[in-house]
Amino acid sequence: MSKIQAVTVMTLDGFLPEPNDVLTQWVMNHRKGFVHWREHCNAWILPHSILDLLCEKDHKNASFTYLAEVHDAESLELLRGLFHYNLVDEFIVYLFPYSTGKGNSVQDILPFRRWQLHKAVVFFNGICRLIYRNPCRM
């Protein structure tokens, strides 16, 4: 069965950062940010494509990886759907070193079950990349 990775950015208090923020631009365009995951996936999951994914996911082999990028309100709804159907195998969070107290909350849609921290890396700009694995799916 194929694997689904969801990658997102969020502030310390669980909100999506502003798209024009310098750190957001770094995560979106740097080879250690979203670019890394794009280069290692086989297909992207786009908003409004969960039904297609459910139909074809089980027909792919274990080396096939789908990627869902979450960086705005529309893709946040995609993540909500993926969590609702328990489809995410790995959840990658780029955690920014500040709080905003406003905006679209990623934290509000996170599932209540336990995820296992697989790896953590801190970059020179203070961003921490956390890779969580779903113990029920791995």
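Residues numbered from 1 in each chain as written. Predicted model: local features only at pLDDT ≥ 70, side-chain atom pairs only at ≥ 80, totals over all residues. Heavy atoms only, no water.

Under an unreviewed UniProt entry, the name given to the protein is Dihydrofolate reductase family protein, and the source organism is Bacteroides finegoldii.

**A closer look at helix α1 (residues 22–29)**
To keep it simple, the criterion reads: The buried label goes to any residue with under 20% of its type's maximum accessible area, the exposed label to any with over 50%, and the partly exposed label to all in between, with areas taken from a 1.4 Å probe on protein chains only. Elements are defined by DSSP. Helices are runs of H or I of four residues or more, strands are runs of E of two residues or more, and each kind is numbered from the N terminus. Whether two residues are in contact is decided by their heavy atoms, any of which lying within 4.5 Å being enough. Residues adjacent in sequence count toward polar contacts only when both atoms are side-chain atoms; beyond that, a polar contact is any pair of N or O atoms within 3.5 Å, and within protein one must be able to donate a hydrogen and the other to accept it.
By the burial criterion, the buried members of α1 are Leu23, Thr24, Trp26, Val27 and Met28. Along its buried surface, α1 packs onto β1 (3–10), α2 (34–39), β3 (65–70) and β4 (90–95). The opening residue of α1 is Asp21, an N-cap whose side-chain oxygen sits 2.6 Å from the backbone nitrogen of Leu23.

**Points about helix α4 (residues 73–84)**
Rule in force here: Multiplying 1.5 Å by the helix residue count minus one yields the expected span of that helix.
Given a rise of 1.5 Å per residue, 12 residues ought to cover 16 Å, and the 17 Å separating the end C-alpha atoms of α4 matches this to within 8%. Where α4 is concerned, the buried positions are Ser75, Leu76, Leu78, Leu79, Gly81, Leu82 and Phe83. Directly after α4, the chain includes Asn86, whose backbone phi takes a positive value near 55°.

**A short note on the packing of aromatic side chains**
The condition that has to hold: Any pair of Phe, Tyr and Trp rings, taking the six-membered ring for Trp, is counted once the centres come within 6.5 Å. Such a pair is stacked with planes under 30 degrees apart, edge-to-face with planes over 60 apart, and tilted for the rest.
By the definition in use, this model includes nine aromatic pairs. For the pair Trp26 and Phe123, a centre-to-centre distance of 5.1 Å together with 55° between the ring planes defines the contact as tilted. Linking Trp26 in helix α1 with Phe123 in the loop between β5 (116–122) and β6 (128–133), this pair joins segments that are 97 residues apart in sequence. We classify Phe123 as buried; its relative accessible area is 10%. Taking 5.9 Å as the distance between ring centres and 80° as the angle between the ring planes, the aromatic pair formed by Phe83 and Trp115 counts as edge-to-face.

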